[in-house]
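# Structural overview for review
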Amino acid sequence: MKFMFIVKSEHRMGPSPKLLEEMQKLTRREIEAGRLLENGGLKPIAEGAQVRVADGQLHVIDGPYAEAKEVIGGYAVFELKDKEEALASAVEFMQLHKDYLPGWEGTCEVRAFA
């Protein structure tokens, strides 16, 4: 099954050098095992834009967005056996954040493709 992991946080801090190193090790392992299909970090919301439909109209809003609380910092797409394997992988990834980015709080949303 194909899963997308979406990492969100209210914190605007980037990853520490040690967290980046550990994530690269994990990424390499998962690519070599054929499980990680794609991943990436996203630039700050100040460099992005939103296209929104509201009141029957299309609106383009340049970042940053005043109402943004949780921001998507990155994503990954995996090919895994089932939801249990996906959750175990997400727990391992978030443990790296806990261990190597003190004070950081966030969420890894795990969603299966339709």
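Read on for an overview of the structure. This one's a predicted model, so the numbers in the text were calculated from it and none came from an experiment.

## Digging into the environment of Gly 34
One can find Gly 34 in the loop between helix 1 (17-32) and strand 2 (36-41). Once the C-alpha coordinates of Gly 34 and Gly 74 are considered, the two residues, 40 residues apart in sequence, prove to be 20 Å apart.

## Some words on the packing of helix 1 against helix 2 (residues 83-100)
Relative orientation and spacing of two packed helices are given, respectively, by the angle between their axes and the distance between those axes. Between helix 1 and helix 2, the least distance of the axes is 9 Å, while the angle of their chain directions is 160 degrees. One element, helix 1, and the other, helix 2, form an angle in the roughly antiparallel class. Helix 1 and helix 2 meet at a crossing whose hand is right-handed. For the pair helix 1 and helix 2, contact is made by Lys 18, Leu 19, Glu 22, Met 23, Leu 26 and Arg 29 and by Glu 92, Phe 93, Leu 96, His 97 and Tyr 100, respectively. Considered class by class, the residues forming the contact of helix 1 with helix 2 number six nonpolar, one polar and four charged.

## Let's talk about the pattern of salt bridges
If you walk through the whole model with that rule in mind, you get ten salt bridges. Lys 18 is paired through a salt bridge with Glu 21; the nearest N and O atoms lie 3.5 Å apart. Here Lys 18 pairs with Glu 21, and both are found in helix 1, just three residues apart, close to one helical turn. Of the residues examined, Glu 21 reaches a relative accessible area of 37% and is grouped as partly exposed. The partner of Lys 43 in a salt bridge is Glu 47, and the shortest N-O contact between them spans 3.9 Å. Residues Lys 43 and Glu 47 agree in their burial class; the two are exposed. Taken together, the salt bridges that share partners define one network made up of Lys 18, Glu 21, Glu 22 and Lys 25.

The rules behind these values
- Residues numbered from 1 in each chain as written.
- Predicted model: local features only at pLDDT ≥ 70, side-chain atom pairs only at ≥ 80, totals over all residues.
- Heavy atoms only, no water.
- Helix = DSSP H or I, 4+ residues; strand = E, 2+ residues; numbered from the N terminus.
- Axes fitted to C-alpha atoms, helices over the stretch in contact; angles between N-to-C directions.
- Parallel < 35°, antiparallel > 145°, perpendicular 65-115°, else oblique.
- Left-handed = near helix turned anticlockwise from the far one by under 90°.
- Contact = heavy atoms within 4.5 Å.
- Nonpolar A, V, L, I, M, F, W, Y, C, P; charged D, E, K, R; others polar.
- Salt bridge = Lys/Arg side-chain N within 4 Å of Asp/Glu carboxyl O.
- Buried < 20%, exposed > 50% of the residue type's maximum accessible area, 1.4 Å probe, protein only.

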